[in-house]
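Residues per chain, in single letters:
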Amino acid sequence: MVDPWEGWTAGAFDALGVAEVGGGWTPYRAAGWIKGAFALDFRPMLPHVWDATPNGTPPFVWVLTHLPTQYGMCAMAAPAETAVVLADKIAAMTDWSAVTVESAPFLNGRMQAFMAQHRRIFVCNGNQTIPPWGDVA
């Protein structure tokens, strides 16, 4: 059996999150799994994305962060093994280490098509590669 976590390493990384006051982005340190230009971490979704559960607790999702820009690209409501396989497929699309916030739009069509193929898993807005990527979870 193939280990889907092969090449991923546990560690800490810098990310940008939605600021609670005044909008914009707030830098923070997160813990998760790192491979190449990406990190995966498990966290609760932001209130504007999820429908409130009966007890008001947000569901948890896997968030894929693009490390060179520190922006969360997308969130996945899936088991860990599925999230890591999809993250590896996204990583295979291009040399993500060279992608900047300014150059990201050239991948928009490919990312949207990929997310549409897995629409029951991705919990993202439709423009994840249009800068700045939204940290949706």
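Nothing here was measured: the structure is a model prediction, and the numbers come from that model. (Residues numbered from 1 in each chain as written. Predicted model: local features only at pLDDT ≥ 70, side-chain atom pairs only at ≥ 80, totals over all residues. Heavy atoms only, no water.)

Participant: Quick rundown of the side chain of Thr-65? Include the residues and the values.
Facilitator: Within the secondary structure, Thr-65 is located in strand β4 (residues 60–66). In this structure, Thr-65 is in contact with Phe-13, Ala-15, Ala-37, Phe-38, Ala-39, Asp-41, Arg-43, Gln-70, Tyr-71, Gly-72 and Met-73, ignoring residues within four places of it in sequence. (Helix = DSSP H or I, 4+ residues; strand = E, 2+ residues; numbered from the N terminus. Contact = heavy atoms within 4.5 Å.)

Participant: So what's going on with the environment of Arg-29? Which residues, and what values?
Facilitator: Along the chain, the position of Arg-29 falls in strand β2 (residues 25–35). According to the relative accessible area criterion, Arg-29 is exposed, its value standing at 54%. With 15 residues separating them along the chain, Arg-29 and Asp-14 place their C-alpha atoms 4.7 Å apart. Residue contacts for Arg-29: discarding those within four places in its chain leaves Ala-12, Phe-13 and Asp-14. Only 3.0 Å separates the side chain of Arg-29 from the side chain of Asp-14, close enough to count as a polar contact. (Buried < 20%, exposed > 50% of the residue type's maximum accessible area, 1.4 Å probe, protein only. Polar contact = N/O pair within 3.5 Å; in protein donor to acceptor, adjacent residues only side chain to side chain.)

Participant: An account of the packing of aromatic side chains is needed here, citing residue identities and associated values.
Facilitator: Evaluation of the coordinates by the stated rule reveals seven aromatic pairs. When the centroid spacing of 6.0 Å and the interplanar angle of 55° are considered together, the rings of Trp-5 and Trp-62 count as tilted. Of this pair, Trp-5 sits in the segment before β1 (9–18) while Trp-62 sits in strand β4, and the two are 57 residues apart along the sequence. Here the two residues Trp-5 and Trp-62 agree in accessibility, since each one is buried. On the basis of an interplanar angle of 65° and a centroid distance of 5.9 Å, the ring pair of Phe-114 and Phe-122 is categorised as edge-to-face. Across this residue pair, the class does not change: Phe-114 and Phe-122 are buried. Three or more aromatic residues joined by ring pairs make a cluster, and in this case those are Trp-5, Trp-8, Trp-33, Phe-42, Phe-60 and Trp-62. (Phe/Tyr/Trp six-rings, centres within 6.5 Å; stacked < 30°, edge-to-face > 60°.)

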